[in-house]
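# Fold and contact review
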Amino acid sequence: TQLLEQSPQFLSIQEGENLTVYCNSSSVFSSLQWYRQEPGEGPVLLVTVVTGGEVKKLKRLTFQFGDARKDSSLHITAAQPGDTGLYLCAGAKDYGQNFVFGPGTRLSVLP
Amino acid sequence: KAGVTQTPRYLIKTRGQQVTLSCSPISGHRSVSWYQQTPGQGLQFLFEYFSETQRNKGNFPGRFSGRQFSNSRSEMNVSTLELGDSALYLCASSLRLAGRGGGYNEQFFGPGTRLTVL
């Protein structure tokens, strides 16, 4: 059983559409990170959220940490083909512990 | 500043053999973590080294081992390879040990070594 669940598993959309992907757990995390991984590369950190209810924006990407710090969402506005990749969330249950990763959402944005 | 480098990028081995993978962290980074990524299990933590000492370990058998040198470069070794060891092995470096210095740690990943066991 995965400590972190991500949905949807796969998502294929047209350029210009909006989308939201989710990261859920029954556990509370002290912090949560989102990564994007492109084929043949390692994951690249997009954001870290540490406060319940926190919202962070990175250009067209909006990240939210749930009030109870058990879940997070990533919203992309006006998706572009360059957004294509595997989106991974990773949570640390406590300081001093390493992050555990979710299985990822594979996004494909078609031109 | 150069990123995390991993060598080799691709490797093909047969069951029963052993393999050593290498990781050079970003200059100044003292923590190196290793992960295994497979389609079925996703990204799983193997171990973390800091100042030449293993500080954290994931739930993998003893066939998986590692070490870190005084220049922070790290190697990972897998002995008696099994078919299920086929995976992308990722190395990540960070300035400090996980959780120290205020909470969360930013990890920078290398491109990985794709290991295929036949």
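Residues numbered from 1 in each chain as written. Chains lettered and ligands numbered in written order. Predicted model: local features only at pLDDT ≥ 70, side-chain atom pairs only at ≥ 80, totals over all residues. Heavy atoms only, no water.

## Some thoughts on the overall build of chain B
Broken down by element type, chain B carries zero helices and 11 strands. Ordered by position from the N terminus, the helices and strands of chain B form the series β-β-β-β-β-β-β-β-β-β-β. Taken over C-alpha atoms, the radius of gyration comes to 14 Å for chain B, in line with the 13 Å a tight globule of 118 residues would show. Dimensions of chain B, computed from the C-alpha atoms along their principal axes, are close to 45 × 25 × 25 Å. Taken over 118 residues, chain B has a buried fraction of 51%. Within chain B, contacts between residues separated by at least 24 positions form 57% of all contacts whose residues are at least 6 apart in sequence. Carbon and sulfur atoms form 47% of the exposed surface of chain B, whose accessible area is close to 5600 Å². (Helix = DSSP H or I, 4+ residues; strand = E, 2+ residues; numbered from the N terminus. Rg over C-alpha atoms; globule rule 2.2 N^0.38 Å. Buried < 20%, exposed > 50% of the residue type's maximum accessible area, 1.4 Å probe, protein only. Contact = heavy atoms within 4.5 Å. Areas by Shrake-Rupley, 256 points an atom, 1.4 Å probe, with all protein chains shown as cover.)

## Some words on the state of the cysteines
The full count for this structure, using the stated rule, is two disulfides over all chains. The disulfide that involves C23(A) links it to C89(A), with 2.0 Å between the sulfurs. Its torsion about the S-S bond being 75°, the disulfide of C23(A) and C89(A) is classed as right-handed. Residue C23(A) is located in strand β3 (residues 19-24), and its partner C89(A) is located in strand β9 (residues 85-92); the two are separated by 66 residues in the primary sequence. A sulfur-sulfur separation of 1.7 Å characterises the disulfide bridge that pairs C23(B) with C91(B). The sign of the S-S torsion, about -45°, decides the handedness of the disulfide formed by C23(B) and C91(B): left-handed. Of this pair, C23(B) sits in strand β3 (residues 19-24) while C91(B) sits in strand β9 (residues 87-94); the two residues are 68 residues apart in sequence, bridging distant segments of the chain. (Disulfide = S-S within 2.5 Å.)

Fair warning: the whole summary comes from geometry, so function is off the table for now.
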